[in-house]
Amino acid sequence: MVEKRNPIAVSEAVKRVMDYAYTEKVEWVPLIEANERFLAENLAADQDVPSFDRSPYDGFAIRAVDSQKATKETPVSFKVVGEIGAGFVYEQEVQAFEALRIMTGAPIPKGCDAVVMLELTKDEVRDGQTYMSINRSYEAGTNISYQGEDVRKGEVLIQKGQFINPGVIALLATFGYAEVPVFKKPVVGVIATGSELLEPNEPLQAGKIRNSNAYMIMAQIERAGATAKYFGQFSDDLDVCIEEVKKALSQVDILITTGGVSVGDYDYLPAIYEAIGATVLFNKVAMRPGSVTTVAALDGQLLYGLSGNPSACYVGFELFTRPIIRKSFGSPTPHLRREKAILGEDFTKANPFTRFIRATLHYNDGQLVATPSGFNKSSAVSSLATANAFIVLPGGSRGYEKDMPVDVLLLEDVQGSEWPWDNIKKYSKL
Ligand SMILES: Nc1nc2c(c(=O)[nH]1)N[C@H]1C(S)=C(S)[C@@H](COP(=O)(O)OP(=O)(O)OC[C@H]3O[C@@H](n4cnc5c(N)ncnc54)[C@H](O)[C@@H]3O)O[C@H]1N2
Ligand code: MOO
Ligand SMILES: [Mg+2]
């Protein structure tokens with residue numbers, strides 16, 4: 001007699017796994033390796049940026065007051081008393097009707113309060129002395145980049161948990177982080193199951209298929225920000241599988257298997273969980289695809305039994321594994337980001353369970369439109385390639401029509417959502 005499984009709501013399943021969230025751990029890495037990691041401390045400014053008043057142009061620093069009478073007819077001439085490049089400081093104070101040749105980025109010298117662009121000046125040499133003249137007046141403060149105009153000392157610039165992009169790298173460098181505190185990447189193990197599986201380098205044989213899931217999951221793990229570790233395929237023997245799972249568990253933070261979680265004769269995962277004493281958190285979720293997704297816990301470690309069907313496997317990872325990885329990076333928004341869109345085409349299939357349809361998003365006149373990305377079966381692999389979102393169609397509806405409002409979950413996004421599972425509305429046919 002086959003064991004009866006009780007489907008639970010997606011939100012309940014997500015809640016159950018989140019209780020097992022892996023604890024945050026911090027490591028320091030060289031600045032360039034911090035790109036695409038998650039910052040483990042708030043970044044506060046310990047200095048103003050810029051930290052001194054500086055010139056935004058190549059030209060001449062002057063005292064604005066000296067320029068007041070300058071017109072086309074009556075240009076005013078300044079004695080050029082020196083020059084200053086970026087990186088140097090001019091120590092003397094500039095006096096009346098003196099100018100200092102200044103380069104972009106150099107500190108404004110004492111006494112000066114304006115910069116005239118080089119193109120707006122004329123120079124001449126008299127008795128071996130250089131003079132420059134201008135034919136208009138300048139207000140005090142013209143062309144000065146003021147200390148602190150970009151960042152004020154004490155400001156919190158980046159919150160702990162933020163994704164480090166090239167802009168954050170620039171800030172970290174600005175504030176002198178040669179080494180950066182980031183959250184450690186959890187190591188997520190992957191095991192594929194099934195005697196039908198060939199590896200990508202093997203020629204096809206009758207009745208066999210290539211193992212796409214293991215590589216897909218490893219790529220999803222990396223996209224979520226963690227480290228993937230591939231343990232290959234299970235052996236056909238249950239006792240050997242049990243040992244393989246135990247060994248893998250000792251080397252990873254989280255373990256994912258794909259396939260073998262349903263009720264087939266060779267679906268070993270339920271027996272493996274029992275043999276190793278893992279607690280099954282759920283083994284049926286009211287969703288499509290991925291209804292057989294199973295998650296078990298052993299000594300605080302999560303074991304994901306994702307479906308063997310590629311689309312089901314993909315969805316199971318994004319809904320249940322990704323937020324655990326993002327939580328370990330201190331993210332207050334670890335779940336897929338939820339947005340509103342309209343449906344790009346009819347979806348007439350009735351929905352007993354909540355459906356997660358692989359979809360492609362585009363904007364039409366400012367309106368986000370989500371269109372199913374292709375062949376829509378749990379076994380589909382082709383529609384995954386162009387999917388950048390899931391359309392969420394709550395269960396219990398009789399089908400959806402083009403232009404109806406829908407919730408979508410974004411797949412290629414680092415911002416995330418706090419908890420996307422409240423108030424996902426069921427829209428009925430128009
Ligand atoms: N009698 C029932 N049969 C099935 C049920 C059910 O409730 N009662 N559920 C169906 C659903 S829903 C799904 S989803 C699948 C889940 O199957 P398993 O997770 O046990 O996975 P397998 O049986 O191992 O394989 C299913 C399918 O996926 C292919 N597969 C497996 N691994 C890979 C891989 N690494 N790469 C690519 N494709 C893979 C495999 O060849 C099968 O075609 O069960 C239904 N059956
Ligand atoms: O788990 Mo199955 O994908 O619901 O088709
Ligand atoms: Mg099966």
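Only a predicted model underlies this, so the values are computations on that prediction, with no experimental measurement involved.

(A) A look at the sheet that holds strand E5 (residues 98–102). Read across the open sheet, the 6 strands follow the order E6-E3-E5-E4-E8-E7; overall the sheet is mixed. Looking along the sheet, the strands with just one partner apiece sit at the ends: strand E6 (114–117) and strand E7 (122–126). For this sheet, the mean angle separating the axes of adjacent strands, direction not counted, is 40°. Across 3 bridges, the pairing between strand E3 (residues 59–62) and E5 is antiparallel. When the bridges of E5 are listed, Phe60 appears paired with Arg101.

(B) Region of interest: helix H3 (residues 213–224). With 12 residues, H3 extends 16 Å between its outermost C-alpha atoms, agreeing within 8% with the 16 Å of an ideal straight helix rising 1.5 Å per residue. Among the residues making up H3, those that are buried are Asn213, Ala214, Met216, Ile217, Met218, Gln220, Ile221 and Ala224. Structurally, H3 contributes buried residues whose contacts are with strand E11 (187–192), strand E14 (227–233), strand E15 (254–258), strand E19 (301–306) and helix H6 (310–327). Following H3 by one or two positions, Gly225 adopts a phi angle in the positive range, close to 110°.

(C) View of the packing of aromatic side chains. What the rule picks out here adds up to 8 aromatic pairs. By the ring-pair criterion, three or more aromatic residues cluster together here, those being Tyr314, Phe356, Phe390 and Trp421. Taking NZ or CZ as reference, Arg101 lies 5.7 Å from the ring centre of Phe60, over its face. Lying across the ring of Tyr138, Arg136 places its NZ or CZ 4.1 Å from the centre.

(D) Molecular detail of the sheet that holds E14. Across the sheet, which stays open at both edges, the 6 strands sit in the order E14-E11-E15-E19-E18-E16 with mixed pairing between neighbours. Every other strand in the sheet has two partners, leaving E14 and strand E16 (279–282) as the edge strands with one partner each. Strand-to-strand twist across the sheet, computed as the mean angle between neighbouring axes with direction ignored, equals 25°. Strand direction decides the pairing type here: E15 and E19, joined by 5 bridges, are parallel. Residue pairing for E19: Leu255 is matched across the bridge by Leu303. Sheet strands in contact with helix H1 (residues 10–18) are E16, strand E18 (294–298) and E19, and its direction is about 145° off that of E16. Set on the sheet, helix H5 (residues 269–276) makes contact with E15, E16, E18 and E19; between it and E19 the angle comes to about 165°.

(E) Representation of the pairing of strand E8 (residues 129–134) in the model. Bridge count between strand E4 (residues 76–84) and E8: 4 bridges; the pairing is antiparallel. The residue bridging Lys79 from the neighbouring strand is Tyr131, located in E8. As consecutive antiparallel partners, E7 and E8 are separated by 2 residues, and within that stretch Asp127 has a phi angle of approximately 50°, a positive value.

(F) Main features of the side chain of Asn211. With respect to the secondary-structure elements, Asn211 resides in the loop between strand E13 (209–210) and H3. The exposure class of Asn211 is buried, given its relative accessible area of 3%.

So, how was this worked out
Residues numbered from 1 in each chain as written. Chains lettered and ligands numbered in written order. Predicted model: local features only at pLDDT ≥ 70, side-chain atom pairs only at ≥ 80, totals over all residues. Heavy atoms only, no water. Pairing = 2+ DSSP bridges. Helix = DSSP H or I, 4+ residues; strand = E, 2+ residues; numbered from the N terminus. Axes fitted to C-alpha atoms, helices over the stretch in contact; angles between N-to-C directions. Expected span 1.5 Å × (residues − 1). Buried < 20%, exposed > 50% of the residue type's maximum accessible area, 1.4 Å probe, protein only. Contact = heavy atoms within 4.5 Å. Phe/Tyr/Trp six-rings, centres within 6.5 Å; stacked < 30°, edge-to-face > 60°. Lys NZ or Arg CZ within 6 Å of the ring centre and 35° of its normal.

Keep in mind that these numbers describe shape and distance, not what the molecule does.
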